[in-house]
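# Coordinate inspection notes
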Amino acid sequence: MNASSDSAKTPLGELIGRLSALHQKRIDLGLERMHRLLERLGHPERKLAPVIHIAGTNGKGSTLAYLRATLEAAGLRVHAYTSPYLVRINECFRLGRVGGGVLVGDDELRAALEEVERVNAGEAATLFELKTAAAFHLFAQNAADVVLLEVGLGGRLDSTNVVDAPAACVITPVSMDHMDFLGDTLTSIAGEKAAIIKHGVPVICAEQMPEAMAVIEAQAKRMRAPLFAASENWHVNVERGRLVYSDDRGLMDLPAPRLFGRHQFANAGLAIATLRALPAIKVNHAAFEAGIVGAEWPARMQRLTSGELLSWGPQGSEIWLDGGHNAEGGRVAAAALGDLEERVSRPLVVIAGMMANKDAQGFLANFAGLTRHIIAVPIPDTENAMPIDRLADAARSLGMRVETVSGVEAALRALAKLAYDVPPRILISGSLYLAGHVLAINGTPPA
């Protein structure tokens with residue numbers, strides 16, 4: 001019997017391992033290597049459909065999800081590049097199709113990555129640079145109407161910042177994160193994010209802290225880029241549980257977002273403002289409605305309603321998953337939990353795992369008024385994960401009761417042995433890497 005042609009193909013894991021070994025650092029911000037790769041690929045970044053470039057600290061992925069769902073509801077083909085992935089690297093690459101986009105298949109992704117590997121010819125490059133080049137290569141080869149491009153880290157020196165004339169630049173809320181790469185002040189971090197603004201290209205901006213807004217306004221002025229800022233040029237409010245959006249073109253009364261949490265009204269509003277700032281992209285009211293209620297973005301206040309984890313925890317408990325990993329991410333998750341508590345009161349337990357470079361105390365402080373029970377867990381198979389003893393010390397410093405266990409399954413099984421009058425509400429949070437692990441062991445990876 002002849003061997004299947006599939007047997008000769010490089011498994012994606014082996015290929016990713018080979019590409020990861022080309023640079024000694026996982027993150028090395030800079031654009032020289034990207035420009036070299038793109039030149040050798042024939043400049044695919046110049047052959048794309050109109051690009052919406054999205055930077056910010058929190059809310060990038062959710063905002064992109066609203067944009068994609070709305071554009072697809074309007075009948076448009078939408079490519080999307082996002083990071084990091086949760087379970088499979090394919091999640092980073094969504095190819096636009098009539099009727100709705102699809103994650104890139106293994107064969108097509110392998111071919112794109114191998115082409116990038118070929119033109120790179122063994123030179124130093126980070127995995128993020130190589131897969132970003134592969135995204136541009138894929139998107140140039142496949143027809144689409146819009147490309148949604150999420151910044152990986154920062155903006156100024158991020159590998160996505162190579163499109164000279166995007167259709168729009170979007171800036172979600174800016175807060176303190178990745179200080180080891182972007183600077184230790186809100187002003188310096190905002191400067192890195194605002195550097196995606198291009199000459200004459202509309203900038204649509206979420207509500208910001210004053211220091212960040214001042215930087216964004218100055219950069220927009222410097223680049224002569226029209227600025228559409230929340231609370232200045234457009235407004236989003238919650239009225240009777242519905243999303244009410246208004247700008248100088250009028251008012252829209254829309255259903256509440258499907259994604260949970262009051263911060264999702266602001267993220268949805270930012271997506272609406274972006275599309276209304278681009279008159280060349282035609283989106284009607286019905287498409288906005290469908291996009292707001294249809295958007296999906298895993299591991300952002302996601303309730304797990306099926307899978308293995310439900311059988312491990314206390315019977316009747318709620319299990320929520322959120323990839324928040326900085327102080328602001330903790331704040332919005334805590335606010336969402338506060339809203340849930342007002343609706344149906346349950347004891348709250350937070351199962352937390354974090355990366356070593358994150359502010360554990362700043363993250364956990366948000367939950368101090370909601371729970372005294374923290375369970376610290378490691379993040380399996382992840383370099384630079386925070387040791388659980390250090391995470392536990394951060395919780396104890398806030399006066400929280402904390403225990404350490406070997407993993408998420410052990411945490412849930414331990415909770416199942418406790419006597420609860422009311423089944424608890426359990427939040428698993430602190431890292432997107434932990435969230436990806438949870439979705440994998442639960443058997444519910446992003447589709």
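Residues numbered from 1 in each chain as written. Predicted model: local features only at pLDDT ≥ 70, side-chain atom pairs only at ≥ 80, totals over all residues. Heavy atoms only, no water.

## Comments concerning the UniProt feature "domain: Mur ligase C-terminal" (unreviewed entry) in the protein
Stated formally: UniProt positions are given in the numbering used here, feature names are shortened, and annotations may be inferred rather than shown by experiment. Put simply, DSSP H or I for four residues or longer makes a helix, DSSP E for two residues or longer makes a strand, and each gets a number counted from the N terminus.
Under the UniProt annotation, "domain: Mur ligase C-terminal" (unreviewed entry) lies at residues 315–431. The span residues 315–431 is 34% helical and 20% strand by assignment, and the distance between its end C-alpha atoms comes to 26 Å.

## Quick notes on unusual backbone geometry
Inclusion rule: Residue burial is assigned from relative accessible area. The probe radius is 1.4 Å, only protein chains are included, and a residue is buried under 20% of its type maximum, exposed over 50%, and partly exposed in between.
The residue after Ser-83, namely Pro-84, is reached through a cis peptide bond having omega -10°. Of note, Pro-84 is situated in the loop between strand S2 (78–81) and strand S3 (93–95). Backbone geometry at His-43 places phi at a positive 55°, although glycine is not the residue there. By relative accessible area, His-43 is classed as buried at 19%. Although it is not a glycine, Met-301 sits at a positive phi angle of roughly 40°. Within the secondary structure layout, Met-301 lies in the loop between helix H10 (285–294) and strand S12 (302–303). Given a relative accessible area of 3%, Met-301 falls into the buried group.

## Remarks on the packing of helix H2 (residues 32–40) against helix H5 (residues 127–141)
Stated precisely, the cut-off is as follows: To define axes, lines are fitted to C-alpha atoms, for helices over the stretch in contact only, and angles between the resulting N-to-C directions are given on a 0 to 180 degree scale. Each crossing is labelled by how the near helix is turned from the far one, with a counterclockwise turn of less than a right angle marking it left-handed and a clockwise turn marking it right-handed. Working rule for contacts: check all heavy atoms of both residues, and any pair within 4.5 Å makes them a contact. Amino acids outside the nonpolar list (Ala, Val, Leu, Ile, Met, Phe, Trp, Tyr, Cys, Pro) and the charged list (Asp, Glu, Lys, Arg) are all regarded as polar, and Gly is one of them.
Interhelical geometry of H2 versus H5 gives an angle of 35° and a closest axis separation of 10 Å. Once H2 is placed against H5, the crossing between them reads as right-handed. Contacts between H2 and H5 involve Arg-33, Met-34, Leu-37 and Leu-38 from the first element and Glu-129, Leu-130, Thr-132, Ala-133 and Phe-136 from the second. By residue class, the composition of the contact of H2 with H5 is six nonpolar, one polar and two charged.

## Describing helix H1 (residues 12–20)
What counts here: Note that the arc is computed from the directions linking the helix axis to the C-beta atoms.
If you check which residues of H1 are buried, you get Leu-12, Leu-15, Ile-16 and Leu-19. For H1, the angular spread of buried residues about the axis comes to 100°, placing them on one side. On the buried face of H1, the contacting elements are helix H4 (106–120) and H5.

## Some thoughts on the sheet that holds strand S4 (residues 102–103)
Two strands in a sheet stick together by hydrogen bonds in their backbones, pointing the same way (parallel) or opposite ways (antiparallel). For the record, the criterion: Strands are labelled as partners when DSSP assigns at least two bridges between them.
Strand order in this open sheet of eight strands is S4-S3-S2-S5-S1-S6-S7-S8, and the pairing throughout is mixed. Across the chains shown, the open sheet's two edge strands, defined by having one partner strand only, are S4 and strand S8 (227–229). In the sheet, strand S6 (residues 168–171) pairs with strand S7 (residues 203–205) via three bridges, with the strands oriented parallel. Bridge pairing in S7 links Cys-169 to Val-203. Helix H8 (residues 210–222) contacts S6, S7 and S8 of the sheet and is inclined by roughly 160° relative to S8.

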